[in-house]
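Next come the chains, spelled out residue by residue.
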Amino acid sequence: MPTDQPASEPPPGPVDAPPPAPGPVNARPQAPGPYGHGHAAPGPLAPAPAENPFLELLATGAPAEDYERPVLRARAEGASAGRLAALERAKLLALRVRAELEDRRRREAELSALYATAHDLAGLRDLDAVLRAIVRRARSLLGTEVAYLTLHDTAAGDTYMRVTDGSVSARFQQLRLGMGEGLGGLVAQTARPYVTDSYFHDERFRHTRTIDSGVHDEGLVAILGVPLMLGSGVIGVLFAADRRERVFEHGQIALLAAHAAHAAVAIDTANLLAGTRKTLTELEAANEIIRDRSSAIERASDIHDRLTELVLRGGGVVDVADAVAEVLHGEVEFADPGRAPAAALDRSRADGHAVREGTEWVAAVGAGGEVLGALVLRGHPALDPVDQRTLERAAMVTSLLLLARRTAGEAEQRVRGELLDDMLDAADRDPRLLGERAARVGADLGAPHVVLAARTDGAPPGHGDAAPPAHGDSAPPAHGAAIPDRDAASLSQAASPPGAASPPDAASPPHRASPPDGADRRRLWSAASHLAATRHGLAAERDGGAVLLLPLGPDGDPAHTAREIAARLGAALHQPVTVGASAPVPAPAARPAAVADAYAEARRCREALRVLGRAGQGAAAADFGFLGLLLADTRDVDGFVHRTLGAVADYDARRGTELLRTLDAYFACGMSPARTKDALHVHVNTVAQRLERVSRLLGPEWQTPARALEIQLALRLHQLSSAVARDTGG
């Protein structure tokens, strides 16, 4: 049954004083002696008060058995019965006083220990340290072998072992006690202290196998449990226990209950402090987040202002990347679609947001369904949402800049194309106006130029050629137009779709491909316009291909320019592009009609390349040998003779040899050295030596059929021109 708080024990009542010794009734009062009135002079036989020996024992704190000695001594000395009775009464009174003093000293020690415990608990701030101190002090206050504490689990509806001191059993240290189970469960349920001197024989408690096994493992027998009260609720139970039978006194129960009251306050204080610390930590984290967000918003505002300024002052893609890199403290690069991480680019394009790829962040740059590239951020793997949005906004600004530049480029291309169309179609244009229009797009039509006719590998003109565009309609649609960047990579990006096949070998046999479709023509014109813009020239779409008017290179060789343009256009379109070049046009603006004639010559050279199986190459009339005399508008006979036989003629002039005469005789004799030596009346070795010299001058292939034909034609033209010169006296 529950043990109530011990009531205060009533103080011991006063002990009756011994009656006065009988004396004569009619005794006469004595006169005052030397020691005063009523005081007789001391004598050796005057008895001492009965309390004196016991007062001395109380003063010295003698043990209880010493209080028998005065009585035994008086009995041994033959004291009277009255004297012995007085000493017995004094002994009992002294023992009662001694017990009261002992109880007071014990209570004082307990209160001191309790106050010291409260002081120690008040100085602790960590909950675990508070709980350990509570259990350790409980064990010390009651002098038990084990002390432990359980706390209430509101969610589970039971109590669980939280802290132990002196425990040796792991199973005991992991016990959970349901409400009403065991001594502790009963204390938690009733909010009243319970005590037992033999737990396993006490039927007041509901024993369970789990709890009894844990208590048995620990070896506990006598257990005292008091509730930890906070207000009207129980937050746990504090226990003191021994491994032997023991009766806990009322004072000890009250002492542990008082300690539990202080402990509950200390636990609540520690919980409040822990909650306060947690709240402060959360507030610090929230403040840190706010500071980070504020900083991110400031960075976003900064980049917004910078991007706005860049757009207003006409900045480019590189400027945008540099600004974002400075704000985000990383490295930002604009990558073409072919150089950006393909998977990340596709995800960013589909999601509309920047995505992480390894340690990089990729934000797609596009317009509508077209991907223009990506902004790639490196060196900043952790982006918060605001910084991520900043990168996405920069990608959007980049797409706007690219579209604006593309629009400007298309407008410039349209202007260049219209100017070249006017020069080709209207030979009577005012040269001054043509020069002014060319100057506005950065072209100088007063310098020597070359006209080039380009076409992708398709059927010859007349077999599916599209009609030339009307004036003002020569610009291609926005899709596929080149972004006017200043390098070959941007030319390839502008003219070729992703995944296009590489151009076939230009030396491969000719094949009859289908005529270039509209997309191929637009891509060709776009790439040609880009080249014209970078070289301060003009370009237009015409006759199913493209025509370019470019300044003549430093070497003054139209054939070299044609080969270079064919290679660059082929690389940009990823397919063969055949280019024919005209002879140099000295001043296109001054003679617009010469531009139209030069275009016709360039077209003839281009088609000659296709017919001869040299599609994908570039050439001028001079590259075709004697055929160039037919292709060129001007019949440059002397130039043909010089290109073919100049090295031999110059050698004869310097050395006084007869290599040209030997060549003429060699071909006239059917290329037979034996007959040639008879025709020249020289030794056959002389003929062999002269032919070897010719091989060194003209190259080892000079006797191939095609080359031999050119040489023979050049010999005839040389003889004719020499004869004409003699006849005219030149």
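Let me sum up the structure you'll find in this document. (Residues numbered from 1 in each chain as written. Predicted model: local features only at pLDDT ≥ 70, side-chain atom pairs only at ≥ 80, totals over all residues. Heavy atoms only, no water.)

### Some words on the overall build of the chain
Along the backbone of the chain there are 22 helices and 15 strands. By the burial criterion, 41% of the 730 residues in the chain qualify as buried. Nonlocal contacts in the chain, meaning residues at least 24 apart in sequence, comprise 65% of its contacts between residues at least 6 apart. About 37,600 Å² of surface is accessible on the chain, with carbon and sulfur atoms providing 56% of the total. (Helix = DSSP H or I, 4+ residues; strand = E, 2+ residues; numbered from the N terminus. Buried < 20%, exposed > 50% of the residue type's maximum accessible area, 1.4 Å probe, protein only. Contact = heavy atoms within 4.5 Å. Areas by Shrake-Rupley, 256 points an atom, 1.4 Å probe, with all protein chains shown as cover.)

### What to know about unusual backbone geometry
Backbone geometry places Ala191, a non-glycine residue, at a positive phi of 60 degrees. Here Met671, not a glycine, exhibits a phi torsion of approximately 60 degrees, which is positive.

### Side note on the packing of aromatic side chains
Evaluation of the coordinates by the stated rule reveals nine aromatic pairs. On the numbers, 6.3 Å between centres and 85 degrees between planes, the contact of Phe667 with Trp702 is edge-to-face. A residue pair is termed long-range when its members are at least 10 positions apart, and Phe667 in helix H19 (residues 659-668) and Trp702 in the loop between helix H21 (684-698) and helix H22 (705-727) qualify at 35 residues. Each member of the aromatic cluster is reached from another via a ring pair, and the members are Tyr194, Tyr199, Phe200 and Phe205. (Phe/Tyr/Trp six-rings, centres within 6.5 Å; stacked < 30°, edge-to-face > 60°.)

### What about the pattern of salt bridges?
Scanning the model with the defined rule gives 30 salt bridges in all. The salt bridge partner of Glu333 is Arg378, with a shortest N-O separation of 2.9 Å. With a gap of 45 residues between them, Glu333 in strand S7 (residues 331-335) and Arg378 in strand S10 (residues 370-378) connect regions that are remote in the sequence. Look at Glu333 and you get partly exposed, because its relative accessible area is 26%. Relative accessible area serves as the criterion here: at 27%, Arg378 is assigned to the partly exposed category. If you follow the salt bridges from partner to partner, you end up with Glu333, Asp336, Arg339, Glu360 and Arg378 in one network. (Salt bridge = Lys/Arg side-chain N within 4 Å of Asp/Glu carboxyl O.)

### Digging into the sheet that holds S7
One open sheet accounts for four strands, arranged S7-S10-S9-S8; its pairing is antiparallel. The open sheet has two edge strands with one neighbour each: S7 and strand S8 (355-357). The mean inter-strand angle of the sheet, taken between neighbouring strand axes irrespective of direction, is 30 degrees. In this sheet, S10 lies alongside S7 in antiparallel orientation, the contact comprising five bridges. Bridge assignment links Val332 to a residue of S10, and that residue is Leu377. (Pairing = 2+ DSSP bridges. Axes fitted to C-alpha atoms, helices over the stretch in contact; angles between N-to-C directions.)

### Remarks on the nonpolar core
By size, the foremost hydrophobic cluster in this structure holds 28 residues, and its most contacted members are Ile134, Leu142, Leu149, Leu224, Leu228, Leu238 and Leu256. Elements represented by at least two residues in this core include exactly helix H4 (127-142), strand S1 (146-153), strand S5 (222-230), strand S6 (233-242) and helix H8 (250-312). Among the elements that take part in this core, H8 stands out by supplying nine residues, more than any other. If we skip the residues at most four places from it in the chain, Leu228 touches Leu149, Thr150, Gly233, Val234, Ile235, Gly236, Val237, Leu238, Ala260, Ala263, Ala264 and Ile267. The next biggest cluster of nonpolar side chains, apart from the first, holds 27 residues, and it includes Leu310, Ala323, Ala363 and Leu402. (Core = buried A, V, L, I, M, F, W, Y, C linked by side-chain atoms within 4.5 Å.)

### Side note on the pairing of S10
As defined by bridge partners, strand S9 (residues 360-367) adjoins S10 across seven bridges and the pair is classed as antiparallel. Note that in S10 the partner of Ala367 across the bridge is Glu370. Turn length for the S9-S10 hairpin, with the two strands adjacent in sequence and antiparallel, is two residues, and the turn residue Gly368 shows positive phi of about 65 degrees.

### Digging into the side chain of Arg610
Mapped onto the elements, Arg610 comes out in helix H16 (residues 592-611). According to the relative accessible area criterion, Arg610 is buried, its value standing at 9%. Engagement of the side chain of Arg610 in a polar contact is seen with the side chain of Glu607, the distance being 3.1 Å. (Polar contact = N/O pair within 3.5 Å; in protein donor to acceptor, adjacent residues only side chain to side chain.)

### Structural notes on empty space enclosed by the protein
By the definition in use, this model includes three cavities of 30 Å³ or more. Of the volumes computed, that of the largest cavity is approximately 100 Å³. Around the largest cavity sit 14 residues that line it, and Tyr148, Leu177, Gly184, Val215 and Phe239 are the ones nearest its centre. Taken together, the elements giving at least two residues each to the lining of the largest cavity come down to S1, helix H6 (182-190) and helix H7 (209-218). Here the lining of the largest cavity gets three residues from one element, more than from any other, and that element is H6. (1 Å grid on protein atoms, 1.4 Å probe; cavity = no way out; pocket = protein on both sides within 12 Å on 5 of 7 lines; lining within 4 Å. Points joined across faces, edges and corners; volume = space filled by probe spheres on them.)

### Details of the pairing of strand S13 (residues 545-551)
Each regular strand shows side chains that alternate between the opposite faces of the sheet. Counting buried positions over the seven residues of S13 gives six, a clear majority of the element. With six bridges joining them, strand S11 (residues 449-456) and S13 adopt antiparallel strand pairing. Counted as the bridge partner of Val450 is Leu550 from S13. In the sheet, strand S12 (residues 538-542) pairs with S13 via five bridges, with the strands oriented antiparallel. Paired with Arg542 across the two strands is Gly545, which belongs to S13. Adjacent in sequence and paired antiparallel, S12 and S13 are bridged by two residues, among which Asp543 carries a positive phi angle near 50 degrees.

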